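Fold and geometry: a report
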Amino acid sequence: MTGVIFDIKEMAVHDGPGIRTTVFFKGCPLRCRWCHNPEGLSALPQIFYKKVRCIGCGSCQVACDHPECALLGRCIHACPENCLEAVGREVDAATLAGELLASAEVMGGLFGGFTFSGGEPLQQSDFILELAPRLRPHHLCAETSGYASGDVFARLLDVLDFVIFDLKLAEPAAHRMYTGVDNAPILANLQTLKASGKPHLIRTPLVPEITDTEENLAAIGALAGESEWEKLPFNALYGAKYEMLGMAPSEIK
């Protein structure tokens, strides 16, 4: 089985306990207006196009036989100005596990484990279920919006040691308005997580006038209950990624 990832970040210190390696999976069912990783929205490989460097030579339009270019429609290696960068690659579980375990060996006893992020890792749950046993005995964590069926969430929960649960908005209408999806599955999976006894952390991004309101934070606080709850400051420096992907940046209103 293969999956599609768009980044591997080593030496991560905010993605679970200890110093970790985080794998970013492509594909997300949410469309949060403040999304900082637009390259994780599509489930398919894409291209970062640095338009300011382009000299219009057309070299990238010439057919090539590079496997990594096949799904992109252009040769990412031909550009003399390095305007193009592949975002996302298809990889099988055995190959990815080999890459990740190699990074763990370098860290030795300081290594904290692996974190699955995105995008939304629940979108590629079957792939992660095949990958996870290959990464044992290392500690496994997922950072997720919780948006999936109860069966999918429960199956992934079984193979994890820790869950970072991104809880953005409590009120259903507001959640639909600002993320594009209903939060009923999210709230149901949150209850499953809390009842499981699995160690976890709830996170809320503090988006001005959207998530960072007294009403929303009070409601999320009630949902979090005794769970550890982290509030993340909003970072507005994300628009350049949208331009390079040929997408319109989200607008915070």
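Preceding block: the structure.
What this report covers is the structure whose coordinates are included nearby.

Each value, and the rule that gives it
- Residues numbered from 1 in each chain as written.
- Predicted model: local features only at pLDDT ≥ 70, side-chain atom pairs only at ≥ 80, totals over all residues.
- Heavy atoms only, no water.
- Helix = DSSP H or I, 4+ residues; strand = E, 2+ residues; numbered from the N terminus.
- Rg over C-alpha atoms; globule rule 2.2 N^0.38 Å.
- Contact = heavy atoms within 4.5 Å.
- Areas by Shrake-Rupley, 256 points an atom, 1.4 Å probe, with all protein chains shown as cover.
- Core = buried A, V, L, I, M, F, W, Y, C linked by side-chain atoms within 4.5 Å.
- Buried < 20%, exposed > 50% of the residue type's maximum accessible area, 1.4 Å probe, protein only.
- Pairing = 2+ DSSP bridges.
- Axes fitted to C-alpha atoms, helices over the stretch in contact; angles between N-to-C directions.
- Phe/Tyr/Trp six-rings, centres within 6.5 Å; stacked < 30°, edge-to-face > 60°.
- Lys NZ or Arg CZ within 6 Å of the ring centre and 35° of its normal.
- Parallel < 35°, antiparallel > 145°, perpendicular 65-115°, else oblique.
- Left-handed = near helix turned anticlockwise from the far one by under 90°.
- Polar contact = N/O pair within 3.5 Å; in protein donor to acceptor, adjacent residues only side chain to side chain.
- Salt bridge = Lys/Arg side-chain N within 4 Å of Asp/Glu carboxyl O.

A few words on the overall build of the protein. Per the secondary structure count, the protein includes 7 helices and 10 strands. Relative to the compact-globule value of 18 Å for 253 residues, the protein shows a C-alpha radius of gyration of 19 Å, a close match. If one aligns the C-alpha atoms of the protein with their principal axes, the spans along those axes are about 60 × 45 × 30 Å. Look at the contacts in the protein between residues 6 or more apart in sequence, and 68% of them connect residues 24 or more apart. Looking at the protein as shown, the accessible area adds up to about 12,200 Å², and 55% of this sits on carbon and sulfur atoms.

Before going further, it helps to examine the nonpolar core. In summary, soluble globular proteins display a tendency toward joint burial of nonpolar side chains. In terms of nonpolar packing, the biggest core is built from 37 residues, with Phe25, Leu96, Phe116, Leu131, Leu135 and Phe165 touching the most fellow members. No other element matches helix H1 (residues 93-107), which puts 6 residues into this core. In this structure Phe165 touches Thr144, Ser145, Gly146, Phe153, Ile186, Asn189, Leu190, Leu193, Leu201, Ile202 and Arg203, once residues within four positions along its chain are discounted.

Ordered by their spatial adjacency, 8 strands build an open sheet running E5-E1-E2-E6-E7-E8-E9-E10, and the pairing between neighbours is mixed. Looking along the sheet, the strands with just one partner apiece sit at the ends: strand E5 (89-92) and strand E10 (228-233). Strand-to-strand twist of the sheet, defined as the mean angle between neighbouring strand axes without regard to direction, takes the value 30°. With 4 bridges connecting them, strand E7 (residues 140-144) and strand E8 (residues 162-166) associate as parallel partners. Across the sheet, residue Cys141 finds its bridge partner in E8, namely Phe162. With respect to the sheet, helix H5 (residues 184-196) is in contact with E8 and strand E9 (200-206), its orientation differing from that of E8 by roughly 150°.

What the rule picks out here adds up to 5 aromatic pairs. Plain terms: the ring middles of Phe25 and Phe127 are 6.1 Å apart, the flat faces sit at 65° to each other, and that makes the pair edge-to-face. Of this pair, Phe25 sits in strand E2 (residues 19-25) while Phe127 sits in helix H2 (residues 125-131), and the two are 102 residues apart along the sequence. The burial state of Phe25 is the same as that of Phe127; both residues are buried. Taken together, the ring pairs connect Phe25, Phe116 and Phe127 into an aromatic cluster. When the ring centre of Tyr49 is taken as origin, the NZ or CZ atom of Arg74, which lies over that ring, is 5.4 Å away. The ring centre of Trp229 lies 3.9 Å from the NZ or CZ of Lys231, which sits over that ring.

To characterise two packed helices, one gives the angle between the axes of the helices and the distance between these axes. Contact pair helix H3 (residues 150-158) / H5: the axes reach a minimum separation of 10 Å and the direction vectors enclose 30°. Here H3 lies roughly parallel to H5, going by the angle between them. By crossing handedness, the relation of H3 to H5 is classed as right-handed. Across from Gly150, Phe153 and Leu157 in H3, the residues of H5 making contact are Asn189, Thr192, Leu193 and Ser196.

Here we take up the side chain of Ser227. Here Ser227 is to be found in the loop between helix H6 (214-224) and E10. In this structure the side chain of Ser227 is engaged in a polar contact, spanning 2.7 Å, whose partner is the side chain of His200. Once you skip the residues sitting within four places of it in the chain, Ser227 turns out to touch Lys194, His200 and Ile202.

We now examine the pattern of salt bridges. Side chains bearing opposite charge may pair, as long as their charged atoms lie close to each other. Counted by the stated rule, this structure contains 10 salt bridges. Between Lys9 and Asp15 there is a salt bridge, with its nearest N and O atoms 3.7 Å apart. By relative accessible area, Lys9 is classed as partly exposed at 36%. Look at Asp15 and you get buried, because its relative accessible area is 7%. In this structure, the salt-bridge partner of Arg136 is Asp161, at a minimum N-O distance of 2.6 Å. Of this pair, Arg136 sits in the loop between H2 and E7 while Asp161 sits in the loop between H3 and E8, and the two are 25 residues apart along the sequence. In this structure Asp161 comes out as partly exposed when scored by relative accessible area, which is 25%.

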